[in-house]
Amino acid sequence: MSSTSLRGKSAIITGATSGIGLATARLMAERGAKLCLADINEAGLQQVADELKSEGAEVVHCMVDVASEDSNQQMADCALEAFGQIDIAHLNAGILVTKPILECDLETWQRVINVNLNGVFLGIRSCAPDMVKRGSGSIVVTASVSGILGNKSMPSYTASKHGAVGLVKAASAELGESGVRVNAVCPGATYTQMMINSGLSIADVNNSEVAQMTVLGRVAEPREIGEMVCFLASDAASYMTGGIYPVDGGMTAVGRKPI
Ligand code: NAI
């Protein structure tokens, strides 16, 4: 069996009904993982679970608000009840608000921090105990290039993602002693629901300033981020922990003018 195989591993994915989480769920299912899909979108969960089950995957799903402690615990319990253990946690759910500091009210700020940063903290708190008990596991957090770079249009998002990156480093130090790996993937602009909602086709986006900030001259497909998540989740990444990995078409390497 290839070391990138996920056969027999049980994985929780938050934000699993759309974009990067959905692409990762499909890839993990293809690689043999048993999945606990978690999302705030209940209808979407049923639809994705049905799709993956029809292709032969072993799937359970649970509605979760990652900003809620109880909800995170229910998510971990759901996976433990179904599969007996949690090998992988892809803590991916996130929201984006574009409001400059001087226009950003405290409530908006707190909502973004609650989902994007507190959600990762609570996800680790709920999933890691089983991993620590068994002495193995892989946690992969979806951060962002906004966890590496500053930009002027999304301060709450940028702060939340920098926080998530710091938390990944701290968690890797704490959990590494117990054989649990923790890494962050930092996507650049990726063609997901956020961009689809804005009415832009992928061709429009690839002609935009965001794409021109990359070396490859285009935005990512969600699957291209999911590939990295699957790699970090797998035994092939057995010596990788505490890493902050850009998957950004070269955006952070060349330092072109941030938006
Ligand atoms: P998306 O909007 O397609 O998917 C986000 C998913 O998270 C949705 O299924 C949504 O229902 C779920 N979600 C939102 N709030 C939730 C909550 N409180 N509890 C549980 N689930 C919740 O967005 P996308 O792009 O797939 O985002 C996934 C992650 O990737 C996010 O953390 C985002 O910040 C990050 N990211 C996205 C980039 C992009 O350009 N699309 C770039 C860099 C990072």
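None of the values given here were measured: they were computed from a predicted structure. (Residues numbered from 1 in each chain as written. Predicted model: local features only at pLDDT ≥ 70, side-chain atom pairs only at ≥ 80, totals over all residues. Heavy atoms only, no water.)

Asker: So what exactly am I meant to see when it comes to the sheet that holds strand β7 (residues 244-247) here?
Answerer: Each strand in a sheet pairs with its neighbour through backbone hydrogen bonds, running either in the same direction (parallel) or in the opposite one (antiparallel). Pairing in this open sheet of 7 strands is parallel, and the strands run β3-β2-β1-β4-β5-β6-β7 from one edge to the other. Where the open sheet ends on each side, the last strands, each with one partner, are β3 (59-63) and β7. Each strand of the sheet is rotated relative to its neighbour by a mean of 20 degrees, with strand direction disregarded. Two strands pair when backbone bridges link them, and strand β5 (residues 137-142) and strand β6 (residues 180-187) are joined in this way by 6 bridges, in the parallel orientation. Note that in β6 the partner of glycine 137 across the bridge is valine 180. Each of β2 (34-39) and β3 is contacted by helix α2 (residues 42-54), which is oriented at about 175 degrees to β3, the strand it contacts most. (Pairing = 2+ DSSP bridges. Helix = DSSP H or I, 4+ residues; strand = E, 2+ residues; numbered from the N terminus. Axes fitted to C-alpha atoms, helices over the stretch in contact; angles between N-to-C directions. Contact = heavy atoms within 4.5 Å.)

Asker: Got a minute to help me understand the packing of helix α3 (residues 69-83) against helix α4 (residues 106-134) in this structure?
Answerer: At their nearest, the axes of α3 and α4 sit 9 Å apart, and the two run at 35 degrees to each other. In terms of crossing hand, the pair formed by α3 and α4 is right-handed. Residue-level inspection shows Glu69, Asn72, Gln73, Met75, Ala76 and Leu80 of α3 in contact with α4, the latter providing Gly119, Leu122, Gly123, Arg125, Ser126, Cys127 and Asp130. Looking at side-chain class alone, the contact of α3 with α4 contains 5 nonpolar, 5 polar and 3 charged residues. (Left-handed = near helix turned anticlockwise from the far one by under 90°. Nonpolar A, V, L, I, M, F, W, Y, C, P; charged D, E, K, R; others polar.)

Asker: I tried to follow the nonpolar core on my own but got confused; where do I start?
Answerer: Within soluble globular proteins, side chains that are nonpolar generally end up buried alongside one another. Among the nonpolar cores identified, the biggest contains 32 residues, and Ile124, Ile139 and Leu175 are the most heavily contacted of them. If you list the elements that add at least two residues to this core, you get β2, α3, β4 (88-91), α4, β5, α5 (155-176) and β6. The leading source of residues in this core is α4, at 6 residues. In terms of nonpolar packing, the next biggest core, distinct from the first, is built from 30 residues, Leu35, Leu45, Ala57 and Val229 among them. (Core = buried A, V, L, I, M, F, W, Y, C linked by side-chain atoms within 4.5 Å. Buried < 20%, exposed > 50% of the residue type's maximum accessible area, 1.4 Å probe, protein only.)

Asker: Even after reading the chapter, I still don't get the site of the ligand, so can you show me in this structure?
Answerer: In the neighbourhood of the ligand, 27 residues make up the surrounding shell, with Ser18, Asp39, Asn92, Tyr157 and Thr192 lying closest. The side chain of aspartate 39 places a nitrogen or oxygen atom 2.6 Å from an oxygen atom of the ligand. When isolated, the ligand has an accessible area of 830 Å², and the protein chains bury 90% of it. Tallied by class, the residues present in the shell around the ligand amount to 12 nonpolar, 12 polar and 3 charged. (Near = heavy atom within 4 Å. Polar contact = N/O pair within 3.5 Å; in protein donor to acceptor, adjacent residues only side chain to side chain. Areas by Shrake-Rupley, 256 points an atom, 1.4 Å probe, with all protein chains shown as cover.)

Asker: Explain α5 to me, please; I cannot follow it from the model alone.
Answerer: Residues three or four positions apart in an α-helix share a direction because the helix packs 3.6 residues into each turn. Between its first and last C-alpha, α5 extends 31 Å over 22 residues, near the 32 Å set by a 1.5 Å rise per residue. For α5, the full list of buried residues reads Pro155, Ser156, Tyr157, Thr158, Ser160, Lys161, Ala164, Val165, Val168, Ala171, Ser172 and Leu175. Structurally, α5 contributes buried residues whose contacts are with α4, β5, β6 and β7. (Expected span 1.5 Å × (residues − 1).)

Asker: Would you take a moment to explain the side chain of histidine 90 for this structure?
Answerer: Mapping histidine 90 onto the fold places it in strand β4. For histidine 90, a relative accessible area of 0% translates into the label buried. Among the polar contacts listed, one links the side chain of histidine 90 to the side chain of threonine 142, at a separation of 2.8 Å. Those residues in contact with histidine 90 that lie beyond four places of it in its chain are Ile12, Ile13, Thr14, Ile20, Thr24, Val140, Thr142 and Val229.

Asker: I'm lost on the pattern of salt bridges in this one. Help?
Answerer: Oppositely charged side chains are able to pair whenever their charged atoms sit close together. The tally for this structure, following the rule as stated, stands at 9 salt bridges. With its nearest N and O atoms 2.8 Å apart, the salt bridge here joins glutamate 51 to arginine 26. Highlighted residues: glutamate 51 in helix α2 and arginine 26 in helix α1 (residues 19-30), separated in sequence by 25 residues. Taking the shortest distance from any N to any O, the salt bridge between aspartate 130 and arginine 134 comes out at 3.0 Å. Pair noted here: aspartate 130 and arginine 134 are both in helix α4, with a separation of 4 residues, about one helical turn. Accessibility expressed as a relative area gives 6% for aspartate 130, which makes it buried. Among the ionic contacts, a cluster of salt bridges with common partners joins Asp87, Asp130 and Arg134. (Salt bridge = Lys/Arg side-chain N within 4 Å of Asp/Glu carboxyl O.)

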